[in-house]
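Chain by chain, the residues:
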Amino acid sequence: AQKITQTQPGMFVQEKEAVTLDCTYDTSDPSYGLFWYKQPSSGEMIFLIYQGSYDQQNATEGRYSLNFQKARKSANLVISASQLGDSAMYFCAMRGFLSGGYNKLIFGAGTRLAVHP
Amino acid sequence: GAVVSQHPSWVICKSGTSVKIECRSLDFQATTMFWYRQFPKQSLMLMATSNEGSKATYEQGVEKDKFLINHASLTLSTLTVTSAHPEDSSFYICSASIGGVAYNEQFFGPGTRLTVL
């Protein structure tokens, strides 16, 4: 079975500083994908970044980077130079490619990030 | 591109009535659509997966006779909550994907907030 664990229910960071949101996962699939989504108070799910299990390099998208440690089964999101608009819920998610229902996304419990001025 | 809309964005109904929520992919054809439910301060839980022209696949514990899903075309899926009760009050989010085994992003709709009185 696949599982995503986010152990930080809430985090806060000072504006302009970097913050790391933790995510660990468990899967028996040899091939899988890891996603991070941002959900502001409006409710929409905003895709941030993707990491494939066979990608050699850590994914980066602007101020977002994914610290992928495959042996430790962790995929932490790093947000650099935090902005007030980064305050939101952040979800880590995983999709398996080879198991039945390969197109399903499994979400973690989420981490609420508050950016302070 | 890759815009998904939901209608309505919010709905209030009386207990015992049925509510239909539409999910549309506006600028692409979605081979697969997903329906999620999110209770306050919780994560997204997948309810069902639907492919155009075939019956939806429901997750364990989701009543298929209560949550009717119709995927009539490559751009439209509907979720009908039949005989709604207060415990069905939740945030319902759909997503759509183009399909394929490779990196296959799901594009999320803005969500529908259902309140059953």
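Model, not experiment: these values are computed from the prediction. (Residues numbered from 1 in each chain as written. Chains lettered and ligands numbered in written order. Predicted model: local features only at pLDDT ≥ 70, side-chain atom pairs only at ≥ 80, totals over all residues. Heavy atoms only, no water.)

Engineer: Lay out the overall build of chain A with the relevant residues and their values.
Structural biologist: When you go through chain A residue by residue, the secondary structure sums to zero helices and 12 strands. In sequence order, chain A lays out its α and β elements as β-β-β-β-β-β-β-β-β-β-β-β. For chain A, whose C-alpha radius of gyration is 14 Å, the value lies close to the compact-globule estimate of 13 Å for 117 residues. With respect to the three principal axes, the spread of C-alpha positions in chain A is 45 × 30 × 20 Å. With 117 residues in all, chain A has 49% of them scored as buried. Sequence separation of at least 24 residues holds for 56% of the intrachain contacts in chain A that already meet a minimum separation of 6. For chain A, the computed accessible surface area is about 5,500 Å², with 51% contributed by carbon and sulfur atoms. Positive and negative side-chain charges in chain A, numbering 10 and 9 respectively, have mean positions lying 5 Å apart. (Helix = DSSP H or I, 4+ residues; strand = E, 2+ residues; numbered from the N terminus. Rg over C-alpha atoms; globule rule 2.2 N^0.38 Å. Buried < 20%, exposed > 50% of the residue type's maximum accessible area, 1.4 Å probe, protein only. Contact = heavy atoms within 4.5 Å. Areas by Shrake-Rupley, 256 points an atom, 1.4 Å probe, with all protein chains shown as cover. Lys, Arg positive; Asp, Glu negative; His and termini not counted. Charge placed at Lys NZ, Arg CZ, Asp CG, Glu CD.)

Engineer: Just give me the short version of the environment of S9(B), but keep the residues and values in it.
Structural biologist: Residues and elements named next belong to chain B. Among the secondary structure elements, S9 is positioned in the loop between β1 (4-7) and β2 (10-13). Looking at S9, the relative accessible area reads 46%, which means it is partly exposed. Along the backbone, S9 and T57 are 48 residues apart, and their C-alpha atoms lie at a distance of 24 Å.

Engineer: So what's going on with the interface of chain B and chain A? Which residues, and what values?
Structural biologist: With 22 residues of chain B at the contact, the number on the chain A side is 19 residues. For the chain B and chain A pair, buried surface summed over both sides reaches about 1,600 Å², with 56% attributable to carbon and sulfur atoms. Seen at the junction of chain B and chain A, the total is one salt bridge. The closest approach of N and O atoms between E59(B) and K104(A), which form a salt bridge, is 3.1 Å. Our count for the contact surface shared by chain B and chain A stands at three residue pairs in polar contact (both at pLDDT 80 or more). Of all the elements, strand β4 (residues 32-38) of chain B adds the most residues to the side of chain B that touches chain A, at four residues. (Buried area = accessible area lost by both parts, 1.4 Å probe. Salt bridge = Lys/Arg side-chain N within 4 Å of Asp/Glu carboxyl O. Polar contact = N/O pair within 3.5 Å; in protein donor to acceptor, adjacent residues only side chain to side chain.)

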